[in-house]
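Given next are the chains, with one letter for each unit.
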Number of protein chains: 2
Amino acid sequence: MHRTKVKVLEDVLDANGTLAAANRADFDRHSVTVVNFMSAPGAGKTTLLERALTGLEGVRSAVLEGDVQGSLDADRIASLHVPVTQINTDPGFGGECHLDANMVRSAIPSLPLDEIDLLVIENVGNLVCPAEFRVGEDYRVMVSSVTEGEDKPLKYPLMFRACDLVLVNKVDLLPHLEFDLEKFLHHLDAVHPGVDRLLVSAKTGQGINAWRDWLVTAATREHAGV
Amino acid sequence: MHRTKVKVLEDVLDANGTLAAANRADFDRHSVTVVNFMSAPGAGKTTLLERALTGLEGVRSAVLEGDVQGSLDADRIASLHVPVTQINTDPGFGGECHLDANMVRSAIPSLPLDEIDLLVIENVGNLVCPAEFRVGEDYRVMVSSVTEGEDKPLKYPLMFRACDLVLVNKVDLLPHLEFDLEKFLHHLDAVHPGVDRLLVSAKTGQGINAWRDWLVTAATREHAGV
């Protein structure tokens, strides 16, 4: 790659890192645990949030929704009476494909940080750039749906390597797919050995309690630090 | 958005447009029809290509594969004895999330343009940025899998608006999903009224002949122009 381009990209990531640290300081001051929640489009992030945030015992949560356009997901979360703030990325050229620390920073004044223990940031559906931009989170969780194929960890290694938990979603569909779960887990371990993973189905409820428990543990644990 | 950032992005797209036009001139000189093929990760692009390129009567084809890393898809296409060239975008920071005109330009010397009628460029799996960067194509085709939900045209309008054909894939799974096809098509027509669409299943073969016919027609028609 051309040296000028490399330099521009390095500067962008440096600036992002500085803003992410500022976000972290704000979250820490309010003892809020932050989860950056990522996946490909349509992997089921919003539905898995709907399921988990209903019945989070003793943990007060809020959601920051990142989308190119619209507020469809935010409306779904709001209907659960969970505080939700929308970020639209479409002021970028045709729409930015990820959230960055500056976008999250601009939303902080509208977040009820004094009243919550857990903030889930639902990123734009994309398996590439969201993994490159820290936003000040404690944890990164990604969803990989079994309908997407076994090869995804090998094709998008940064995303699978960057996360603390992988939710393998839509396992109710396994009988109807040619998806080889063993092969997927083998690929996952090849790029991120031993990473936590949960097999879940938003439809049947499989694994949802474990996912909810993971969030409760994360929210009540000492902060993980940047 | 900050004025400097807007200016940088405009410059990027201007430079891309110039290179896309140069690519077009090269493709036109060799009478090659070019399809930019896009979707979210795991929507089934490669499988739909495998199905269509087997038995393309009278049309000589090649594939340019765009991936962040690896050559899994290129290996699959090569096994069909279709000429294939791989572009990896990982020299970008963590990997670029799309192909641009310059990446395609760099691959042109390795493409057998004299020996083909149709070039399919399989873009990186992403519903945002690939729609923003023209690469010198005649047509843009996207795949939207029914497992991704009905809301995708509303959430990624630029992609659905930019394309000439939408392949609605994995329709074999409809009996096992809560996907409302009418609602999806309604959303599709809201963002791109009347756009061509085909219901397909790489698994059962539904719609594959129509998809192959579309490619043959595109490849034998007068070029669409930039």
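Below or above, wherever it landed, is the structure these notes cover. Everything numeric in this text was worked out from a predicted model, so none of it was measured. Every chain's residues receive numbers from 1 upward, in the order its sequence appears when written. As a convention, the first chain written is A and the first ligand written is 1, with the rest following in written order. The predicted origin of the model limits local features to residues at a pLDDT of at least 70 and limits the giving and counting of side-chain atom pairs to 80 or more, whereas totals for whole chains, interfaces and linings rest on all residues. Remark: hydrogens and water are excluded; side-chain values derive from all non-hydrogen atoms of the structure.

Here the focus is the overall build of chain A. Within chain A, the regular secondary structure consists of 8 helices and 7 strands. Taking 2.2 N^0.38 as the reference for a compact globule, 226 residues should give roughly 17 Å; the C-alpha atoms of chain A span a radius of gyration of 17 Å, in line with that estimate. Each principal axis of the C-alpha distribution contributes one length, and for chain A these read about 50 × 45 × 35 Å. The buried label applies to any residue whose accessible area, calculated with a 1.4 Å probe on protein chains only, is under 20% of its type's maximum; exposed applies above 50%, and partly exposed to all values in between. Looking at chain A as a whole, 58% of its 226 residues are labelled buried. Long-range pairs, those at least 24 residues apart, make up 75% of the contacts in chain A with a sequence separation of at least 6. Only DSSP runs of H or I reaching four residues or more are called helices, and only runs of E reaching two or more are called strands; each is numbered from the N terminus. Atoms counted for the radius of gyration: C-alpha only. Globule rule: 2.2 Å times residue count to the power 0.38. Note on contacts: a residue pair is in contact if any heavy atoms of the two residues lie within 4.5 Å.

Contacts between chain B and chain A engage 43 residues on the former and 43 residues on the latter. A quick way to say it: buried area is the sum, across both parts, of accessible area lost when two parts are put together, with a 1.4 Å probe. Across the chain B/chain A interface, buried area totals approximately 3600 Å², and carbon plus sulfur atoms make up 61% of it. What counts as a salt bridge is simple: a side-chain nitrogen of Lys or Arg found within 4 Å of a carboxyl oxygen of Asp or Glu. Put simply, chain B and chain A have 4 salt bridges between them. One salt bridge in this structure joins A:Lys155 and B:Asp67, with 3.4 Å as the shortest N-O distance. Residues adjacent in sequence count toward polar contacts only when both atoms are side-chain atoms; beyond that, a polar contact is any pair of N or O atoms within 3.5 Å, and within protein one must be able to donate a hydrogen and the other to accept it. The interface formed by chain B and chain A holds 11 residue pairs in polar contact (both at pLDDT 80 or more) in total. Residue polarity follows a fixed list, in which Ala, Val, Leu, Ile, Met, Phe, Trp, Tyr, Cys and Pro are nonpolar, Asp, Glu, Lys and Arg are charged, and the others, Gly among them, are polar. In terms of residue class, the side of chain B that touches chain A is made up of 21 nonpolar, 9 polar and 13 charged.

To line up the copies, we fit them by least squares on C-alpha atoms, keeping just the residues with pLDDT of at least 70 in both. The two copies are related by a screw operation: chain B maps onto chain A through 180° of rotation and 0.0 Å of translation along the axis, at an RMSD of 0.0 Å. Accordingly, the operation relating the two chain copies is best matched by a two-fold axis. No C-alpha of chain B lies nearer the rotation axis than that of B:Asn126, which sits 3.0 Å from it. Looking at chain B, 100% of its interface residues are interface residues in chain A too, so the copies touch through the same face.

This brings us to the pattern of salt bridges. The tally for this structure, following the rule as stated, stands at 26 salt bridges over all chains. The partner of B:Arg105 in a salt bridge is B:Asp26, with the nearest N and O atoms 3.1 Å apart. Taken together, the residues span a long stretch of sequence, with B:Arg105 in helix α4 (residues 101-107) and B:Asp26 in helix α1 (residues 3-29) at a distance of 79 residues. Exposure remark for B:Asp26: the relative accessible area of 12% places this residue in the buried category. Ionic pairing is found between B:Asp117 and B:Arg60, a salt bridge with its closest N-O pair at 3.0 Å. Residue B:Asp117 is found in the loop between α4 and β4 (118-122), and its partner B:Arg60 is found in the loop between α2 (45-53) and β2 (61-67); the two are separated by 57 residues along the sequence. The exposure class assigned to B:Asp117 is buried, which follows from its relative accessible area of 18%. A network of salt bridges, in which partner residues are shared, links A:Glu50, A:Asp67, A:Asp73, A:Arg76 and B:Lys155.

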